[in-house]
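Observations on chain architecture
For reference, the chains in residue letters:
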Amino acid sequence: KAFVEELDKFHGTGLPARRPNSMNNYGLVLNEIGLRPAFSAVLKEVLLPIGARLFGDDEDRITAFKGEAVETQNWGGSTL
């Protein structure tokens, strides 16, 4: 409820809002209206541990398989 009220307040200010994509006329990039700390906390405290548990942490990535080097991309999971 408080989240929706915050969105309504922002829309009422008339400030420009960047849309998440061209197909979304009413969306809002929440990081740009001051909610980045809240979403960063949810990402760090909830989603990253779940992802690490399901898919392995950065330390779990393999670097070689049968003596051959394996290149893996760093998806930024530990950049917070």
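This brings us to a nonpolar patch on the surface. A surface patch of nonpolar side chains, about 690 Å² in accessible area, is lined by Val 42, Leu 43, Val 46, Leu 47, Ile 50, Leu 54 and Phe 55. Along the chain, the position of Leu 47 falls in helix α2 (residues 36-55). We classify Leu 47 as partly exposed; its relative accessible area is 48%.

A separate point is the nonpolar core. Residues Leu 7, Phe 10, Leu 28, Leu 30 and Leu 35 constitute the largest nonpolar core, which totals five residues. Those residues in contact with Phe 10, other than ones at most four positions away along the chain, are Leu 15, Pro 16, Ala 17, Leu 28 and Ile 33.

Reading predicted coordinates in detail is not appropriate for stretches of low pLDDT. Summing up the model confidence of the protein, the mean pLDDT is 76 and the portion of residues at 70 or higher is 70%. By mean pLDDT, strand β1 (residues 64-65) is the weakest element of the protein at 64, and helix α1 (residues 2-13) is the strongest at 86.

Pairing is possible between side chains of opposite charge, provided their charged atoms come close. Counted by the stated rule, this structure contains one salt bridge. The closest approach of N and O atoms between Arg 18 and Glu 32, which form a salt bridge, is 2.7 Å. Of the two residues, Arg 18 sits in the loop between α1 and α2 while Glu 32 sits in the loop between α1 and α2, which places them 14 residues apart along the sequence. A relative accessible area of 51% means that Arg 18 is categorised as exposed.

With respect to the helices and strands, Leu 28 occurs in the loop between α1 and α2. The spatial distance from the C-alpha of Leu 28 to the C-alpha of Phe 10 is 9.8 Å, given a sequence separation of 18 residues. Among all residues touching Leu 28, those that are not within four sequence positions of it are Leu 7, Phe 10, His 11, Ala 17, Arg 18, Arg 19, Pro 20 and Ile 33.

Moving on to α2. If you check α2, its first and last C-alpha atoms are just 25 Å apart, much less than what 20 residues at 1.5 Å a residue would give, namely 28 Å. A bend of about 35 degrees at Leu 47 is the largest found in α2, and the proline Pro 49 appears one to four places after it. In the stretch just after α2, Gly 56 is the one whose phi turns positive, near 90 degrees.

Rules used in this analysis
Residues numbered from 1 in each chain as written. Predicted model: local features only at pLDDT ≥ 70, side-chain atom pairs only at ≥ 80, totals over all residues. Heavy atoms only, no water. Patch = residues over 30% accessible without salt bridge, like charges linked within 9 Å, V, L, I, M, F, W, Y side chains within 5 Å. Areas by Shrake-Rupley, 256 points an atom, 1.4 Å probe, with all protein chains shown as cover. Salt bridge = Lys/Arg side-chain N within 4 Å of Asp/Glu carboxyl O. Helix = DSSP H or I, 4+ residues; strand = E, 2+ residues; numbered from the N terminus. Buried < 20%, exposed > 50% of the residue type's maximum accessible area, 1.4 Å probe, protein only. Core = buried A, V, L, I, M, F, W, Y, C linked by side-chain atoms within 4.5 Å. Contact = heavy atoms within 4.5 Å. pLDDT = per-residue confidence, 0-100. Expected span 1.5 Å × (residues − 1). Bend = angle between axes of the 7 residues up to and from the residue.

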